[in-house]
Amino acid sequence: MDIGAFLKKLHYFDKKFKLFINQNNDHLIVEYSELCGIIDDYSSFIINHDNQKQWNNLDQSIEILSIVENLRNNSSVCVQIMEKYRALVLSHEKEEITNYFLNIENCIEREFRGFQITSQSKVLLVGSGPFPITLLMIAERTGAEVFGIDIDDEAIQLGKHVVNKLGSHLSIQIDNKSVRELAVIKQISHIIFSSTVSYKYDILDQLYDLTNKDVLIAMRYGNGLKSLFNYPMQKVDETKWHIIEKIIHPQSVFEVILYQKVQ
């Protein structure tokens, strides 16, 4: 694929995402299987090594920066639409798991390796979303007490619905709260940030004073080509946080960076 074809593909994805968002906003029926197909194609596009080469050759013009920002925002909204649909259909049909969701689940598997969660842990997910697969997997596999926060009321309601269906026996609590409003924030041992939370580094800065000294932070992010789907890594205040590990996943839609407090 040459640069021209690469750019054409970016515009194609952007047009498709806008179409789904407009349909959803106008309360028209969004063709779920088609949306899943586009998100899967987009995921494959982002982890394709050849496309990374084209990305490296791109001139970072105003036009390019603008389409990157559009794609990041619009793909995130489309994933929300897809997750909300997945949560709604959970009640009455056996759904096929899309490649996108499988990719996320595989990422979570690998995230655990550098992030020692036990039944004694208290885990917070910032940006839990309408289908909180991370919370369910952690609670199911480790027996930890888990908490999710999100700023979207509908996502909170659907997230609770999913938990009631799939994990009513687990210790999972989901709220529309900020980190400052969480009563358990001092007891939290592990915090995971969704990669599509735009202001995650602002929240990380707030967490320094709110959390205990041993808290571990897993920040999902995407740089380079993966910034088309995720908010990239940013510099942190080195007097507050230091990097203990970078977990690079060539075949995943996001990477993970682990932070700990500077003691």
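Located above this text is the structure these notes cover.
Calculation notes
- Residues numbered from 1 in each chain as written.
- Predicted model: local features only at pLDDT ≥ 70, side-chain atom pairs only at ≥ 80, totals over all residues.
- Heavy atoms only, no water.
- Helix = DSSP H or I, 4+ residues; strand = E, 2+ residues; numbered from the N terminus.
- Contact = heavy atoms within 4.5 Å.
- Axes fitted to C-alpha atoms, helices over the stretch in contact; angles between N-to-C directions.
- Parallel < 35°, antiparallel > 145°, perpendicular 65-115°, else oblique.
- Left-handed = near helix turned anticlockwise from the far one by under 90°.
- Nonpolar A, V, L, I, M, F, W, Y, C, P; charged D, E, K, R; others polar.
- Pairing = 2+ DSSP bridges.
- Buried < 20%, exposed > 50% of the residue type's maximum accessible area, 1.4 Å probe, protein only.
- Arc of directions from axis to C-beta.
- Right-handed = clockwise from strand over helix to strand, strands pointing away.
- 1 Å grid on protein atoms, 1.4 Å probe; cavity = no way out; pocket = protein on both sides within 12 Å on 5 of 7 lines; lining within 4 Å.
- Points joined across faces, edges and corners; volume = space filled by probe spheres on them.
- Phe/Tyr/Trp six-rings, centres within 6.5 Å; stacked < 30°, edge-to-face > 60°.
- Lys NZ or Arg CZ within 6 Å of the ring centre and 35° of its normal.
- Salt bridge = Lys/Arg side-chain N within 4 Å of Asp/Glu carboxyl O.

Undergrad: For this particular structure, what's the right way to read the environment of G127?
TA: Relative to the helices and strands, G127 resides in the loop between β1 (122–126) and α6 (133–142). With 15 residues separating them along the chain, G127 and T142 place their C-alpha atoms 20 Å apart. Apart from the residues within four sequence positions on either side, G127 is in contact with I149, D150, S194 and V197.

Undergrad: Which parts of the structure should I look at to understand the packing of helix α2 (residues 32–46) against helix α4 (residues 62–89)?
TA: Between α2 and α4, the least distance of the axes is 10 Å, while the angle of their chain directions is 135 degrees. Overall, the two elements α2 and α4 adopt an arrangement that is oblique. Considering how the two elements wind past one another, α2 and α4 form a crossing that is left-handed. The segment α2 lies against α4, with Y32, L35, C36, I39 and Y42 engaging L71, S75, C78, V79, I81, M82, Y85 and R86. Of the residues in the contact of α2 with α4, the class split is 11 nonpolar, 1 polar and 1 charged.

Undergrad: Explanation requested: the sheet that holds β1 in the structure shown.
TA: Hydrogen bonds between backbone groups are what pair the strands of a sheet, and the pairing can be parallel or antiparallel. Pairing is mixed across the open sheet formed by 7 strands, whose spatial order is β3-β2-β1-β4-β5-β7-β6. Only two strands of the sheet have a single partner each, and these edge strands are β3 (172–175) and β6 (241–247). This sheet shows a mean twist of 20 degrees between the axes of neighbouring strands, independent of strand direction. Pairing analysis gives 6 bridges linking β6 to strand β7 (residues 255–261), with the strands arranged antiparallel. The residue bridging I243 from the neighbouring strand is Y259, located in β7. Of the strands in this sheet, β1, β4 (190–193), β5 (216–221), β6 and β7 are in contact with helix α8 (residues 200–210), which crosses β5 at around 175 degrees.

Undergrad: Looking at this structure, how should I read α8?
TA: Three or more residues of α8 are buried, namely K200, Y201, I203, L204, L207 and L210. The buried side chains of α8 occupy one side of the element, clustering within an arc of 160 degrees when seen end-on. Facing away from the buried side of α8 by over 90 degrees, the exposed positions are D202 and D209. Contacts from the buried residues of α8 go to β1, β4, β5, β6 and β7.

Undergrad: Can you walk me through the pairing of β3 in this structure?
TA: For a regular strand, the rule is simple: side chains alternate between the two faces of the sheet. The pairing of strand β2 (residues 145–149) with β3 spans 4 bridges and is classified as parallel. Each bridged residue has a counterpart across the sheet, and for G148 the counterpart in β3 is I174. On the question of chirality, the crossover connecting β2 to the parallel β3 by way of helix α7 (residues 153–166) is right-handed.

Undergrad: What is the right way to look at the layout of surface pockets in this model?
TA: The probe, sized like a water molecule, is rolled over the atoms to show the empty space still left. Computed from the structure, the largest pocket encloses a volume of approximately 740 Å³. If you trace the largest pocket, you find 35 residues lining it, with G127, D150, S194, T196 and V197 closest to the centre. Listing elements by their share of the lining of the largest pocket, those giving two or more residues are α4, α5 (99–113), β1, α6 and α8. Considering every element that reaches the lining of the largest pocket, the biggest residue donor is α4, with 4 residues. Of the residues belonging to the lining of the largest pocket, the class tally is 17 nonpolar, 13 polar and 5 charged.

Undergrad: Which parts of the structure should I look at to understand the packing of aromatic side chains?
TA: Any pair of aromatic rings gets described here by the distance separating the centres and the angle formed by the planes. Per the stated rule, a full pass over the model turns up 10 aromatic pairs. When the ring of Y32 is compared with that of Y85, the centres are 3.9 Å apart and the planes differ by 25 degrees; the resulting orientation is stacked. Of the two residues, Y32 sits in helix α2 while Y85 sits in helix α4, which places them 53 residues apart along the sequence. Looking at Y32, the relative accessible area reads 14%, which means it is buried. For Y85, a relative accessible area of 33% puts it in the partly exposed group. Among the aromatic residues, those joined into a cluster by ring pairs are F6, Y12, F13, F17, Y42, F45 and F229. The side chain of R86 reaches across the aromatic face of F131, ending 4.0 Å from its centre. The ring of Y208 is capped by K261, whose NZ or CZ atom sits 5.1 Å from the centre of that ring.

Undergrad: Explain the pattern of salt bridges to me, please; I cannot follow it from the model alone.
TA: Opposite charge on two side chains makes pairing possible when the charged atoms of those side chains draw close. Scanning the entire structure with this criterion turns up 9 salt bridges. In this structure, the salt-bridge partner of D14 is K18, at a minimum N-O distance of 2.9 Å. Note that D14 and K18 are positioned in helix α1 (residues 3–25) at a spacing of 4 residues, about one turn of the helix. In this structure, a network of salt bridges that share partners links the residues K84, D152 and E154.

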